[in-house]
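Understanding the architecture of this molecule
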Amino acid sequence: MKIGFLGLGNMGAAIAPNLIKAGHDVSVWNRSPDKAAALVAKGATHALTPGEASKAEVVFTMLADDAAVEGVADDILANLTDGGIHISLSTISVALAEKLTQAHADKGQHFVSAPVFGRPAAAADAKLFIAAAGETEAMDRVMPLLNAIGQKVEVFGDTPSAANLVKLAGNFLIISVTESLGEAMALVAKGGANNTKFLDFLTSTLFGSLIYKNYGALIASQTFEPAGFAAVLGAKDMRLVGAAADGLTVPMPLADLLRDRLARLVAEGNGHLDLTALSALAFKDAGLK
Ligand code: NAP
């Protein structure tokens, strides 16, 4: 299938090769063009504009945020084939997903939301968990593509924005765990116990989940660079959670606290670090290095 792929950041650069491996004809575009070379070496075509990459049956977007996706939306709408499908993998707002659903429908095209769970290493191994939603006919057509980049695809109905809401709720939980693990490990470290042993104990007993294992290991070793999931993107996600909660009138006091904590991390010039750098705030507040 002829596919366009817009966005070759940490995630996009890891995902696009799996579409090439699955035998598709993939045209890639990135704002900073130098990132395309690695993909061309793997068999992709380098498109110089988003419009050029969008002359396809299916276009994926894996861009940072709402502004980045809105910046290429008109090019996609103008160039995607009749009946073509825009699959948005990015973590974007519910409101933008609703707007894009309507805009593509007006053009006789389709919009599918398919935000992903999993860090860049999982993306490279085609091990992402994908929350998807869109019209049944479009979902049937894109399912083989989503299965080529992920290990599990769960469909949340025919309204695309439902998948964005699921993704935002999931990230709220991931960020909550990151903050609480940071606070717990600051407590354990200040008391003189070993955090690696603490984490091994937790994850082999009551907390045996990927989030505790992977994020916990980064917190235990206080390793925040290079960022797999940059704190600045986590801050953006918490703002989107807040907007979704406001839109549905759902009080989320913990979300407000996490938004504030991430805003502090970014304001102190550490937005480029991994999300797990939240724990550095807890360590600092505890008077630890
Ligand atoms: P990233 O490494 O920061 O890459 C961001 C991408 O967006 C780059 O291709 C960047 O282009 C592009 N971009 C940013 N602003 C732009 C603009 N105004 N116009 C055009 N392009 C723009 O981010 P990532 O980690 O790949 O994340 C991508 C999306 O996936 C985000 O929505 C994120 O929340 C979500 N996500 C991330 C993870 C994770 O663990 N990293 C996991 C699940 C979901 P340049 O190369 O030119 O900067």
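Each chain carries its own residue numbering, running from 1 in the written order of its sequence. Local features are withheld for residues below a pLDDT of 70 in this predicted model, meaning they are given only at 70 or higher, and side-chain atom pairs are given and counted only at 80 or more; totals for whole chains, interfaces and linings count all residues. For side-chain calculations, the full set of non-hydrogen atoms in the structure is used, while hydrogens and water are omitted.

**Here's the deal with the site of the ligand**
One heavy atom suffices: a residue is near a molecule or strand as soon as one of its heavy atoms comes within 4 Å of it. Around the ligand, the surrounding shell holds 25 residues, and the nearest of these are Asn30, Ser32, Lys35, Ala64 and Gly228. Contacts to the ligand include asparagine 10, whose backbone N or O atom sits 2.8 Å from an oxygen atom. Alanine 64 is positioned such that a nitrogen or oxygen atom in its backbone is 2.8 Å from an oxygen atom of the ligand. Sorting elements by how many residues they give to the shell around the ligand places helix H11 (residues 231-248) first, with three residues. In the shell around the ligand, the residues fall into 10 nonpolar, nine polar and six charged. The split of the chain into domains comes from an automatic or database domain assignment. Domain assignment of the residues forming the shell around the ligand places at least three in each of domain 1 (2-158) and domain 2 (164-285). Here a polar contact is recorded for every N or O atom pair within 3.5 Å, except that within protein the pair must consist of a potential hydrogen donor and a potential acceptor, and residues adjacent in sequence are included only if both atoms are side-chain atoms. Starting at the N terminus, helices and strands are each numbered in turn, a helix being any DSSP run of H or I of at least four residues and a strand any DSSP run of E of at least two. By the convention adopted, Pro, Cys, Tyr, Trp, Phe, Met, Ile, Leu, Val and Ala count as nonpolar, Lys, Arg, Asp and Glu as charged, and the other residues, Gly among them, as polar.

**Some remarks on the packing of helix H8 (residues 161-190) against helix H12 (residues 253-267)**
If you want to describe how two helices pack, look at the angle between their axes and the distance between the axes. Put simply, H8 and H12 touch, their axes get as near as 10 Å, and they point 65 degrees apart. With respect to H12, the element H8 is oriented roughly perpendicular. In this structure, H8 crosses over H12, and the sense of that crossing is left-handed. Along the contact surface, H8 presents Phe172, Ile175, Ser176 and Glu179, while H12 presents Leu254, Ala255, Leu258, Arg261 and Leu262. Axes here refer to lines fitted to C-alpha atoms; in helices the fit is confined to the stretch in contact. Angles between the N-to-C directions go from 0 to 180 degrees. Here the angle decides the label: under 35 degrees means roughly parallel, over 145 means roughly antiparallel, 65 to 115 means roughly perpendicular, and every other value means oblique. Handedness of each helix crossing follows the sense of rotation of the near helix against the far helix: counterclockwise by less than a right angle gives left-handed, clockwise gives right-handed. Whether two residues are in contact is decided by their heavy atoms: any pair within 4.5 Å suffices.

**A short note on H11**
Given the number of residues in a helix, its expected span is that number minus one, multiplied by 1.5 Å. For H11, which comprises 18 residues, the first-to-last C-alpha distance of 26 Å matches the rise-based estimate of 26 Å (1.5 Å per residue) to within 8%. Within the span of H11, buried status applies to Ala231, Gly234, Ala235, Lys236, Asp237, Met238, Leu240, Val241, Gly242, Ala244 and Ala245. At its buried positions, H11 is contacted by helix H4 (66-79), helix H5 (94-106), H8 and H12. Once H11 finishes, threonine 249 follows within two positions and takes phi at roughly 50 degrees, a positive value. Only protein chains enter the accessibility calculation, which uses a 1.4 Å probe. A residue is then buried if its area is under 20% of the maximum for its type, exposed if over 50%, and partly exposed in between.

**Details of the domain arrangement of the protein**
Along its sequence, the protein is organised into domain 1 (2-158) and domain 2 (164-285). Of note, the centres of domain 1 and domain 2, computed from C-alpha atoms alone, are 27 Å apart. The interface of domain 1 with domain 2 comprises 19 residues on the first partner and 20 residues on the second. Here's the idea: put two parts together, see how much 1.4 Å probe accessible area each one loses, and the total over both is what we call buried area. In total, domain 1 and domain 2 occlude about 1,400 Å² of area from one another, counting both sides; carbon and sulfur atoms represent 66% of this. If you sort the residues of domain 1 by the area they bury against domain 2, Thr91, Phe117 and Arg119 come out on top, with a joint share of 44%. Salt bridge criterion: a side-chain nitrogen from Lys or Arg within 4 Å of a carboxyl oxygen from Asp or Glu. Where domain 1 meets domain 2, there are one salt bridge. A salt bridge links arginine 119 to aspartate 274; the nearest nitrogen and oxygen atoms lie 2.5 Å apart. Taken together, domain 1 and domain 2 are joined by six residue pairs in polar contact (both at pLDDT 80 or more). For the side of domain 1 that touches domain 2, the secondary structure elements donating two or more residues are H5, strand E7 (116-117) and strand E8 (128-132).

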